[in-house]
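# An overview of the molecular structure
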Amino acid sequence: MATLDDLRERLWETAKHTLFCSKEHYFASLEGWEIVEGAYGVRVSKGPAFHWLPCGRLNKSAIRDCIQPLIDQYGYAETITVDARQKRFNEKIGFVRIGEIEDETIYRITTLRV
């Protein structure tokens, strides 16, 4: 298993090309978020809100293992998406659009369809 520092580095390497902040600011923004590694990749969550960095082939089991624990604990899970392909995927597995902020779409799910 990777250390918390390893996971933060992996998240930074994936996100740094789309962010307009320093590595230090990014790491500071992760304070208060739970970072969990599983067979599905890395999930960053705070309450029902989450971001997910998948690893390997995406399958139904990985989707359930990442998202279902949040639904079980909070009754729902939420995520924010900007990518059109990701939006289609979210809706396919059961997420519902609940809002928008500029080019970001906020999604909520109460029941997975996988």
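Anything mentioned here points back to the structure above.
Residues numbered from 1 in each chain as written. Predicted model: local features only at pLDDT ≥ 70, side-chain atom pairs only at ≥ 80, totals over all residues. Heavy atoms only, no water.

### Considerations on the overall build of the protein
Here is the rule: The numbering of helices and of strands both runs from the N terminus, where a helix is a DSSP run of H or I of at least 4 residues and a strand a run of E of at least 2. Exposure is judged per residue with a 1.4 Å probe applied to protein chains only, and the accessible area is read against the type maximum: over 50% gives exposed, under 20% gives buried, and values in between give partly exposed. Whether two residues are in contact is decided by their heavy atoms: any pair within 4.5 Å suffices.
When its secondary structure is counted, the protein shows four helices and six strands. Along the protein, helices and strands appear, N-terminal first, in the series α-α-β-β-β-α-β-α-β-β. Across its three principal axes, the protein shows a C-alpha extent of roughly 35 × 35 × 25 Å. Looking at the 114 residues of the protein, the share that counts as buried comes to 34%. Intrachain contacts of the protein at a sequence separation of at least 6 include 38% that bridge at least 24 residues.

### Some remarks on unusual backbone geometry
Positive phi outside glycine occurs at Glu 102, with the angle close to 55°. Tracing the chain through its elements places Glu 102 in the loop between β5 (96-101) and β6 (104-109). On the basis of relative accessibility, which here comes to 77%, the residue Glu 102 falls in the exposed class.

### Quick word on the environment of Val 114
Looking at the element boundaries, Val 114 is found in the segment after β6. For Val 114, a relative accessible area of 28% translates into the label partly exposed. Placed 47 residues apart in sequence, Val 114 and Ile 67 show a C-alpha to C-alpha distance of 11 Å. Ignoring anything within four residues of it in the chain, the contact list for Val 114 reads Lys 60, Ile 63, Arg 64 and Ile 93.

### Here's the deal with the nonpolar core
Rules: Nonpolar core, defined: a set of buried Ala, Val, Leu, Ile, Met, Phe, Trp, Tyr and Cys residues in which side-chain atoms within 4.5 Å join the residues together.
Grouped together as the largest cluster of nonpolar side chains are 15 residues, with contacts concentrated most on Phe 50, Trp 52, Ile 67, Ala 77, Phe 95, Ile 109 and Leu 112. Sorting the residues of this core by element identifies β3 (49-54), α3 (60-74) and β6 as the ones contributing at least two each. The element best represented in this core is α3, accounting for six residues. Among all residues touching Trp 52, those that are not within four sequence positions of it are Tyr 40, Val 42, Arg 43, Leu 58, Ala 62, Ile 63, Cys 66 and Ile 67. Counting residues in hydrophobic clusters, the runner-up holds eleven residues, among them Trp 12, Leu 30, Ile 35 and Leu 53.

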